[in-house]
Amino acid sequence: MSDEVARIAAMFDALAPTYDTTGVIFFGPIADGLIEILRPGPGQRILDLGCGRGAVLARLAPTVDTAVGIDISPEMVARSRAAFAPWPNIRVEVGDARDPDPQLGLFNAVTASLVLFFLPDPVAALRRWRDRLTTGGRCVISIFGAPGAAWQAVDEVFLPYLPAQLRDARTAGPLSPSSPDSTVEQLFTAAGYTDVHTVARPLDTRFAGIEQWEQFSWSTGQRAMWLAVPEPERPAVRATVTDILRSSPHPDGGYVLSQTVRYISGVA
Ligand SMILES: C[S@@+](CC[C@H](N)C(=O)[O-])C[C@H]1O[C@@H](n2cnc3c(N)ncnc32)[C@H](O)[C@@H]1O
C-alpha cells in the first residue's frame, strides 16, 4: 500500500465510529442521487467501491440480487458488516478500490460515491473497474461540483494550512470541485467507457449549530483539513468558520452550506 493510500485508510479508520452519525443529513441524499441515475433492478450484481458505512449499499439492499461493498478501512468494513448482517444479499470486504479482486467476478454495475478523488491514478482505477463489468454494464460515481459561497469560504479558511498535494486536490486536480465536467468525462473516456454523462444536483446541508458542523467535519474526509491545522491555531480557525456559518442561516434554524454534487456515468 502506498504511503498516501495508507494515510487515507488510517484516517477513515479513525473517523469510522462517527462517520454519518452526527445527525447531519449528507451521505444519504448523495447516495439517493446516485441510485436515481443507476436505477438498479432485481437480479443485478453491483460492486460498491469505497462503500464506507454503506450509504449506497443500504439503498441497493432491498432491490438487487447481490451487492458487494469494498473498503480500504477495516473499521468501516466492520461497521458495515454488522449493519448488513440481516441482508444475505449484501457482502462487505476489506479491499483496495484501485484494483478490485478479479475473483469477485463480474457485475452489472460498479458504483463509487465520493471515492474516486481519493485514488492517485483515477484513469487506471476506472479501467480496472471496467474489467469488473459485464458488457454494457455501467459505472456510476459521485464527486463534488462547485461549492456555494459559504462552503467555499469555509474551504478557503483551511487552504493555507494544507500540504500542496491536498490543496491541489481541492483546487486544481481533474476531480476537484472546480474541474470542468468535460475533464472528468475525459477520464472515463480514457478508461474505455462509452456513453459518458454528467448530471449535477444542488445539495443544501443543514447544521444545527457550530458544534454540529465541527463534529461533522471531523467525521468525514474534511478531517484531513483539521489535521493540517496546528492545534494552537484551531480556535482561530473555528472562530472564522463560525462567522461564515452565521452569515448563512437556514430559514428553519441553524446554518446551511450548499454545494453541487456531480454524478458521472459510463458504459463498459
Ligand atoms: C467519503 S467516504 C464515502 C463512503 C461511502 N461511499 C458513502 O457514500 O458514504 C470515502 C470512502 O472511500 C474509502 N476509500 C478511500 N480510498 C480507498 C481505496 N483505495 N480502496 C477502497 N476504499 C477506499 C474510505 O475508506 C471511505 O470509506
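In the block above lies the structure referred to throughout.
The present account deals with the structure reproduced in this document. (Residues numbered from 1 in each chain as written. Predicted model: local features only at pLDDT ≥ 70, side-chain atom pairs only at ≥ 80, totals over all residues. Heavy atoms only, no water.)

## As for the overall build of the chain
At step 1: Along the backbone of the chain there are 11 helices and 7 strands.
At step 2: A globule of 268 residues ought to have a C-alpha radius of gyration of about 18 Å, and the chain, at 18 Å, matches this closely.
At step 3: With the C-alpha coordinates of the chain rotated into their principal frame, the extents come out at 50 × 40 × 40 Å.
At step 4: Burial status across the chain gives 50% buried among its 268 residues.
At step 5: For the chain, restricting intrachain contacts to residue pairs at least 6 apart in sequence, the fraction spanning at least 24 positions comes to 74%.
At step 6: Approximately 11,700 Å² of the chain is accessible, and the part contributed by carbon and sulfur atoms is 53%.
At step 7: Both charge centroids of the chain, one from 23 positive and one from 29 negative side chains, sit 3 Å from each other. (Helix = DSSP H or I, 4+ residues; strand = E, 2+ residues; numbered from the N terminus. Rg over C-alpha atoms; globule rule 2.2 N^0.38 Å. Buried < 20%, exposed > 50% of the residue type's maximum accessible area, 1.4 Å probe, protein only. Contact = heavy atoms within 4.5 Å. Areas by Shrake-Rupley, 256 points an atom, 1.4 Å probe, with all protein chains shown as cover. Lys, Arg positive; Asp, Glu negative; His and termini not counted. Charge placed at Lys NZ, Arg CZ, Asp CG, Glu CD.)

## Considering unusual backbone geometry
At step 1: Of note, the phi angle at Asp20 is positive, near 60 degrees, even though the residue is not glycine.
At step 2: Within the element layout of this structure, Asp20 appears in the loop between α1 (3–15) and α2 (27–38).
At step 3: The class for Asp20 is partly exposed, based on a relative accessible area of 37%.

## What to know about the packing of helix α9 (residues 210–218) against helix α11 (residues 234–246)
At step 1: For the pair α9 and α11, interaxial distance at closest approach is 10 Å and the crossing angle is 120 degrees. Taken together, α9 and α11 sit at an angle that is classed as oblique. You can see that α9 and α11 cross each other, and the crossing is right-handed. Here Ile210, Trp213, Glu214 and Trp218 of α9 lie close against α11, whose contacting residues are Arg234, Arg238, Val241, Thr242 and Leu245.
At step 2: Broken down by class, the residue content of the contact of α9 with α11 amounts to 5 nonpolar, 1 polar and 3 charged. (Axes fitted to C-alpha atoms, helices over the stretch in contact; angles between N-to-C directions. Parallel < 35°, antiparallel > 145°, perpendicular 65-115°, else oblique. Left-handed = near helix turned anticlockwise from the far one by under 90°. Nonpolar A, V, L, I, M, F, W, Y, C, P; charged D, E, K, R; others polar.)

## Some details on the packing of aromatic side chains
Here a ring pair, both rings aromatic, is described through the centre-centre distance and the interplanar angle of the planes.
At step 1: Applying the stated criterion across every chain yields a total of 13 aromatic pairs.
At step 2: With a centroid separation of 5.1 Å and 75 degrees between ring planes, the pair formed by Phe26 and Phe216 is classed as edge-to-face. With Phe26 in the loop between α1 and α2 and Phe216 in helix α9, this pair connects stretches of sequence that are 190 residues apart. As far as burial versus exposure is concerned, Phe26 and Phe216 are alike and both buried.
At step 3: Taken together, a centroid distance of 5.3 Å and an interplanar angle of 50 degrees make the contact between Phe188 and Tyr193 tilted. (Phe/Tyr/Trp six-rings, centres within 6.5 Å; stacked < 30°, edge-to-face > 60°.)

## Details of the site of the ligand
At step 1: Around the ligand, a shell composed of 20 residues is seen, among which Tyr19, Gly50, Asp71, Ala97 and Ser113 lie nearest.
At step 2: Interatomic distance of 2.8 Å between a backbone N/O atom of Gly50 and a nitrogen atom of the ligand.
At step 3: Between an oxygen atom of the ligand and a side-chain N or O atom of Asp71, the distance comes to 2.6 Å.
At step 4: In isolation the ligand offers 600 Å² of accessible surface; the protein chains occlude 98% of this area.
At step 5: Of the residues contributing to the shell around the ligand, the split by class is 13 nonpolar, 5 polar and 2 charged. (Near = heavy atom within 4 Å. Polar contact = N/O pair within 3.5 Å; in protein donor to acceptor, adjacent residues only side chain to side chain.)

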